[in-house]
Amino acid sequence: MGRLLIIGCGGVASVAIHKCCQNSDTFTEICIASRTKSKCDALKEKLEGTTKTVITTAQVDADNVEELKALINSYKPQAVLNVALPYQDLTIMDACLACGVDYIDTANYEPEDTDDPEWRAIYEKRCKDEGFTAYFDYSWQWAYKERFEKAGLTALLGTGFDPGVTSVFSAYALKHYFDEIETIDILDCNGGDHGYPFATNFNPEINLREVSANGSYWENGHWVETKPMEIKRVYDFPQVGEKDMYLLHHEEIESLAKNIPGVKRIRFFMTFGQSYLTHMKCLENVGMLSTSPINFEGKEIVPIQFLKALLPDPASLGPRTVGKTNIGCICTGTKDGKKKTIYIYNVCDHQECYREVGSQAISYTTGVPAMIGTALVMDKVWKKPGVFNVEEFDPDPYMDMLNRYGLPWVVDENPQIVE
Ligand code: NDP
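In this text the structure is predicted, and so the values were computed from the model without any measurement.

A short note on the overall build of the protein chain
Here's step 1: The secondary structure content of the protein chain amounts to 15 helices and 18 strands.
Here's step 2: Seen along its three principal axes, the alpha-carbon backbone of the protein chain occupies a region of about 55 × 55 × 45 Å.
Here's step 3: For the protein chain, the proportion of contacts with a sequence separation of at least 24, taken over those separated by at least 6, is 74%.
Here's step 4: Accessible area for the protein chain stands at about 17200 Å²; split by element, carbon and sulfur atoms hold 50% of it.

Here it is as structure tokens:
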């Protein structure tokens with residue numbers, strides 16, 4: 001039983017909010033807040049009358065710690081779920097610490113302005129020390145560990161699908177199937193078709209920054225970096241079929257390398273069609289993916305933000321997307337001295353998601369686990385002081401809730417492996 005403040009009312013937030021409303025025993029009251037209160041009001045209007053959860057809304061700029069503190073102090077939630085953008089992670093964590101409430105998110109910190117010299121100096125040192133060049137990493141949020149511990153508060157990081165469910169799948173595999181895990185391959189397949197020549201399934205700026213960056217994987221205690229889309233494999237996904245997939249850097253590799261003892265290799269693959277890649281390369285070649293502002297007819301614009309304005313809103317893809325996603329982990333290792341391989345995955349149907357909550361499967365597969373992680377913190381099942389990734393808690397209650405809240409999973413003990 002408790003009161004939750006949710007920051008954000010976009011694609012992922014909308015699903016998380018629908019799911020909180022299906023779990024009114026835990027979420028007796030929620031407040032939806034973003035910069036545009038009218039969007040939060042529209043969501044409230046849609047859901048009121050369908051749930052026992054009492055919904056209110058508020059306006060807040062989550063880049064501003066003082067505004068956040070004022071909202072938290074007046075609403076007095078037990079926890080804050082951050083489903084805004086990774087840019088707001090640190091300001092929201094600061095406000096939670098100042099007001100004494102728990103913090104939950106789905107993506108690790110990334111700065112909006114990657115040209116900021118202060119951030120850039122720290123970033124360039126990290127690239128050298130760690131060996132990967134992604135703009136996002138966990139160091140910023142892990143640095144809050146002691147402060148959350150001292151305050152007796154929980155910060156739960158990365159409870160979406162990947163990171164999130166894939167990390168819980170890995171913890172579940174270790175708990176129930178292995179003495180030691182040697183390798184983890186995370187496979188993220190979207191077999192959906194929205195009928196547009198080019199669109200992204202979640203926030204275009206975050207999505208395009210991620211997939212146009214160098215790839216990397218973890219092997220024998222260090223990072224190996226690749227050129228963007230340099231490593232390609234073909235995989236026959238259950239209920240979806242054969243797809244091309246490409247190795248990407250992904251944030252859960254960093255935390256799993258730390259939290260799965262003895263793991264030797266962790267890779268992440270995502271499927272892309274040729275048309276998506278051709279469009280992205282062309283946009284990149286002409287400078288449209290740049291995050292550095294340019295002057296256009298006397299006005300400063302950021303090319304990738306302008307592109308975002310041109311692309312279809314991911315929230316509008318729901319009614320037109322057909323097909324399924326299949327996301328999961330192939331783990332190899334040993335049990336009782338014998339070699340073993342398992343594949344844990346979830347298959348999600350875009351149209352079924354749309355019928356249930358009005359969103360496509362990418363938002364659904366992220367929003368459902370956002371609600372689950374938050375419920376486990378609020379119900380004090382996953383409650384301890386400090387800053388944690390999801391694989392650091394007992395996976396069983398989370399796995400159980402995935403089955404109950406729309407993301408059932410399968411364990412295949414004889415899967416096709418990735419070479
Ligand atoms: P959207 O762009 O659809 O929504 C972002 C929301 O954040 C909007 O409602 C926006 O509302 C709000 N917002 C942005 N800036 C601010 C601000 N300064 N203050 C308050 N609110 C703000 O994004 P998505 O829903 O697609 O993605 C949400 C998050 O989920 C992202 O962090 C993304 O990285 C993460 N994600 C995680 C995945 C996973 O599997 N772990 C997969 C997919 C996404 P307004 O403009 O009104 O302020």
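As for unusual backbone geometry
Here's step 1: Cis rather than trans, the peptide bond between D162 and P163 has omega equal to 10 degrees.
Here's step 2: Here P163 lies in the loop between β6 (154–157) and α8 (165–176).
Here's step 3: Unusually for a residue other than glycine, K76 sits at a positive phi of about 55 degrees.
Here's step 4: Mapped onto the fold, K76 is located in the loop between α3 (65–75) and β4 (79–82).

As for the state of the cysteines
Here's step 1: Summed over the entire model, instances satisfying the criterion amount to zero disulfides.
Here's step 2: With no disulfide partner, C331 has as its closest neighbouring cysteine sulfur the one in C329, 5.5 Å distant.
Here's step 3: Given a relative accessible area of 0%, C331 falls into the buried group.

Side note on the pairing of strand β10 (residues 232–237)
Here's step 1: One ladder, built from six bridges, connects β10 with strand β11 (residues 241–247); its direction is antiparallel. Residue pairing in the sheet places R233 in a bridge with M245 of β11.
Here's step 2: Between β10 and β11, which follow one another and run antiparallel, lie three residues, and Q239 among them has a positive phi close to 65 degrees.

Things to note about the nonpolar core
Here's step 1: In this structure, L4, I30, I184, L208, I266 and F272 are the most contacted members of the largest nonpolar core, which totals 91 residues.
Here's step 2: Per element, the largest residue contribution to this core is 10 residues, and it comes from helix α14 (residues 361–378).
Here's step 3: What L208 contacts, discounting residues up to four positions off in sequence, is F198, T200, Y276, M280, L289, I304, L307 and L311.
Here's step 4: Formed by 29 residues, the second largest nonpolar core is a distinct cluster that contains L5, A62, L90 and Y138.

Some remarks on the pattern of salt bridges
Here's step 1: If you walk through the whole model with that rule in mind, you get 23 salt bridges.
Here's step 2: Residue E110 is joined to R209 by a salt bridge in which the shortest nitrogen-to-oxygen separation is 2.9 Å. One end of the pair, E110, is in the loop between β5 (102–105) and α5 (117–130); the other, R209, is in helix α9 (residues 204–211), with 99 residues separating them in the sequence.
Here's step 3: Looking at E110, the relative accessible area reads 4%, which means it is buried.
Here's step 4: For E146, the salt bridge goes to K150, with nearest N and O atoms at 3.5 Å. Here E146 and its partner K150 are both found in helix α7 (residues 145–151), four residues apart, which amounts to about one turn of the helix. Side by side, E146 and K150 carry an identical accessibility label, which is exposed.
Here's step 5: Each of E110, E205 and R209 takes part in salt bridges that share partners, so that together they form one network.

Observations regarding the site of the ligand
Here's step 1: In the vicinity of the ligand lie 28 residues, with S34, R35, T36, A62 and N203 positioned nearest.
Here's step 2: G11 is positioned with one of its backbone polar atoms (N or O) 3.1 Å from an oxygen atom of the ligand.
Here's step 3: Between a nitrogen atom of the ligand and a side-chain N or O atom of D61, the distance comes to 3.0 Å.
Here's step 4: Here the ligand has 920 Å² of accessible area as a free molecule, and 92% of this is covered by the chains.
Here's step 5: For the shell around the ligand, a count of residues per class yields 13 nonpolar, 10 polar and five charged.

Some words on the sheet that holds β6
Sheets are built from strands that pair by backbone hydrogen bonding, the pairs being arranged parallel or antiparallel.
Here's step 1: If you walk across this open sheet you meet the seven strands as β3-β2-β1-β4-β5-β6-β17, and the pairing is parallel. One side of each edge strand has no neighbouring strand; the edge strands of this open sheet are β3 (54–59) and β17 (386–389). When the angles between neighbouring strand axes are averaged without regard to direction, this sheet yields 20 degrees.
Here's step 2: Pairing between β5 and β6: two bridges, direction parallel. Within the sheet, the bridge partner assigned to Y103 lies in β6 and is A155.

Quick look at a negative patch on the surface
Here's step 1: Together, D63, E112, D113, D115, D116 and E118 line one region of the surface with negative charge.
Here's step 2: Note that E118 resides in helix α5.
Here's step 3: In this structure E118 comes out as exposed when scored by relative accessible area, which is 65%.

Examining the side chain of S359
Here's step 1: Within the secondary structure, S359 sits in the loop between α13 (350–357) and α14.
Here's step 2: Residue S359 is classed as buried on the basis of its relative accessible area, which comes to 7%.
Here's step 3: Non-local contacts of S359, meaning those with residues more than four positions away in its chain, are made with G11, S14, V15, G318, H350, C353 and Y354.

Remarks on the side chain of N326
Here's step 1: Inspection of the secondary structure assignment puts N326 in strand β15 (residues 324–335).
Here's step 2: A distance of 3.1 Å separates a polar side-chain atom of N326 from the backbone oxygen of P238.
Here's step 3: Non-local contacts of N326, meaning those with residues more than four positions away in its chain, are made with L187, D188, C189, F237, P238, V240, Y343, Y345, N346 and V347.

Some remarks on helix α4 (residues 89–99)
Here's step 1: Burial within α4 is extensive, with nine of its 11 residues counted as buried.
Here's step 2: For α4, every residue scored as buried is listed here: D89, L90, T91, I92, M93, A95, C96, L97 and C99.
Here's step 3: Downstream of α4 by a residue or two, G100 has a phi angle that is positive, lying close to 75 degrees.

Some points on the packing of aromatic side chains
Here's step 1: Evaluation of the coordinates by the stated rule reveals 20 aromatic pairs.
Here's step 2: Relative to W140, the ring of Y109 lies with its centre 5.7 Å away and its plane at 65 degrees, an arrangement referred to as edge-to-face. Taken together, the residues span a long stretch of sequence, with Y109 in the loop between β5 and α5 and W140 in helix α6 (residues 139–142) at a distance of 31 residues.
Here's step 3: The class for Y109 is buried, based on a relative accessible area of 12%.
Here's step 4: A cation sits over an aromatic face here: R126 above F132, 4.1 Å from the ring centre.
Here's step 5: Taking the ring centre of Y144 as reference, the NZ or CZ of R147 above it sits at 4.2 Å.

Definitions and cut-offs
- Residues numbered from 1 in each chain as written.
- Predicted model: local features only at pLDDT ≥ 70, side-chain atom pairs only at ≥ 80, totals over all residues.
- Heavy atoms only, no water.
- Helix = DSSP H or I, 4+ residues; strand = E, 2+ residues; numbered from the N terminus.
- Contact = heavy atoms within 4.5 Å.
- Areas by Shrake-Rupley, 256 points an atom, 1.4 Å probe, with all protein chains shown as cover.
- Disulfide = S-S within 2.5 Å.
- Buried < 20%, exposed > 50% of the residue type's maximum accessible area, 1.4 Å probe, protein only.
- Pairing = 2+ DSSP bridges.
- Core = buried A, V, L, I, M, F, W, Y, C linked by side-chain atoms within 4.5 Å.
- Salt bridge = Lys/Arg side-chain N within 4 Å of Asp/Glu carboxyl O.
- Near = heavy atom within 4 Å.
- Polar contact = N/O pair within 3.5 Å; in protein donor to acceptor, adjacent residues only side chain to side chain.
- Nonpolar A, V, L, I, M, F, W, Y, C, P; charged D, E, K, R; others polar.
- Axes fitted to C-alpha atoms, helices over the stretch in contact; angles between N-to-C directions.
- Patch = residues over 30% accessible without salt bridge, like charges linked within 9 Å, V, L, I, M, F, W, Y side chains within 5 Å.
- Lys, Arg positive; Asp, Glu negative; His and termini not counted.
- Charge placed at Lys NZ, Arg CZ, Asp CG, Glu CD.
- Phe/Tyr/Trp six-rings, centres within 6.5 Å; stacked < 30°, edge-to-face > 60°.
- Lys NZ or Arg CZ within 6 Å of the ring centre and 35° of its normal.

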